[in-house]
Amino acid sequence: MLAEMKYLNISHELPQISIHQEQPRAIKNTFRPAELHRHYDPPLADVAATLVEVDIDTYNSRKAYGFLNHDDFARKYGGEGFSDVQANTSRLAQSGWNFAKNGAHPHSNLIGNEAKSRLRSQIVQWPAWEAVKIPDPEFTVHPSEIKGKMNPGSDSTEIRATATPEIENRPGSAQTSLASRGYVRQWISVGHYDMRV
């Protein structure tokens, strides 16, 4: 009776799930460094010294030797010439009247005698010498001057800092897939159970 008894055999296998997982990772996690910016303009000395100027006026010294400028020459010799013209005019007038009155006498040589007298007076006339101290030249000194402007330049520093870090992360991931499907099988055997190892 047992030999003809029917047995229900069941074979099953659970499904298998495959999981592929990547952990999150920080690729970059740093702070941005502060930046230093410097603006520098060098000082500029646009300054120069002028040359010393010396003006030497030697006219008073040269004037003592008789080197006159046009104004002084005209002032001195113009007055002398005017007085000489007056004196000669007066002398010639007197000589003319003398020749007119006394020149016709016999054995009179008024013209020759007057010429000899005038020549003798010019020869015997001594020049007038005067000892005078020669003036010193006048010196005018214009000292050197500093001209121009000094540019002190500038030197400034600026620091630029950021309050946020520089972060770069790679997020994690998980992928699931069905490695094998499960199943349930049923069949009937007679007289015994089927055994599968």
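Conventions and cut-offs
Chains are numbered independently. Their residues run from 1 in the order of the written sequence. A pLDDT threshold of at least 70 governs which residues receive local features in this predicted model, and a stricter bar of 80 or more applies before side-chain atom pairs are shown or counted, although totals over entire chains, interfaces and linings include all residues. Each side-chain value is worked out from all heavy atoms of the structure, with water and hydrogens disregarded. Helix numbering and strand numbering both begin at the N terminus, where a helix is a DSSP run of H or I of at least 4 residues and a strand a DSSP run of E of at least 2. For the radius of gyration, the atoms used are the C-alpha atoms, and the globule rule reads 2.2 Å times the number of residues raised to 0.38. With a 1.4 Å probe rolled over the protein chains alone, any residue whose accessible area is under 20% of its type maximum counts as buried; one over 50% counts as exposed, and the rest are partly exposed. By the convention used here, residues are in contact when the closest approach between their heavy atoms is within 4.5 Å. Each accessible area value is a Shrake-Rupley result obtained with a 1.4 Å probe; residue values ignore everything except the protein chains displayed when judging cover. A positive count includes Lys and Arg, and a negative count includes Asp and Glu. His and the chain ends are not counted in either. To locate a charge, take atom NZ for lysine, CZ for arginine, CG for aspartate or CD for glutamate. Counted as a polar contact is a pair of N or O atoms within 3.5 Å, where, for protein atoms, one must be capable of donating a hydrogen and the other of accepting one, and residues adjacent in sequence contribute only when both atoms are in side chains. Two aromatic rings, drawn from Phe, Tyr or Trp (for Trp, its six-membered ring), form a pair once their centres lie within 6.5 Å of each other, and the interplanar angle then sorts them: stacked below 30 degrees, edge-to-face above 60, tilted otherwise. To sit over a ring, a charge needs its Lys NZ or Arg CZ within 6 Å of the ring centre and within 35 degrees of the ring normal. Patch rule: a residue counts if its relative accessible area is over 30% and it has no salt bridge; like charges are joined within 9 Å, and nonpolar side chains (Val, Leu, Ile, Met, Phe, Trp, Tyr) within 5 Å. Whenever a carboxyl oxygen of Asp or Glu lies within 4 Å of a side-chain nitrogen of Lys or Arg, that contact is scored as a salt bridge.

Draft legend 1. Representation of the overall build of the protein within the structure. The helix and strand tally for the protein stands at three helices and 12 strands. Taken over C-alpha atoms, the radius of gyration comes to 70 Å for the protein, far larger than the 16 Å a tight globule of 197 residues would show. For the protein, the C-alpha atoms occupy an extent of roughly 225 × 30 × 25 Å along the three principal directions. When burial is assessed residue by residue, the protein has 4% of its 197 residues classed as buried. Of the contacts formed within the protein by residues at least 6 apart in sequence, a portion of 90% connects residues at least 24 apart. Split by element, the accessible area of the protein, about 18000 Å² in all, is 57% carbon and sulfur. Distance between charge centres in the protein, computed from 22 positive and 23 negative side chains, equals 4 Å.

Draft legend 2. Region of the structure containing the side chain of N9. Structurally, N9 can be placed in strand β1 (residues 6–13). A distance of 2.9 Å separates a polar side-chain atom of N9 from the backbone nitrogen of D194. Excluding residues that lie within four positions of it along the chain, N9 makes contacts with R185, Q186, W187, I188, S189, Y193 and D194.

Draft legend 3. Quick look at the packing of aromatic side chains. Considering all chains together, one arrives at zero aromatic pairs under this definition. Looking at R38, its charged tip hangs above the ring of Y40, at a distance of 5.0 Å from the centre. Just above the ring of Y183 sits the side chain of R185; from NZ or CZ to the centre is 4.5 Å.

Draft legend 4. Layout of the environment of F31. Take F31: it is sitting in strand β3 (residues 25–31). Overall, F31 belongs to the exposed group, its relative accessible area being 62%. Sequence-wise, F31 and P135 are 104 residues apart; in three dimensions their C-alpha atoms are separated by 89 Å. The residues contacting F31, other than those within four sequence positions of it, are P165 and E166.

Draft legend 5. Region of interest: a nonpolar patch on the surface. On the surface, a nonpolar cluster with roughly 490 Å² of combined accessible area is contributed by V52, V54, I56, F139 and V141. Taken together, the elements giving at least two residues each to the nonpolar patch come down to β6 (53–57) and β7 (138–142). Residue classification places V54 among the partly exposed positions, given a relative accessible area of 46%.

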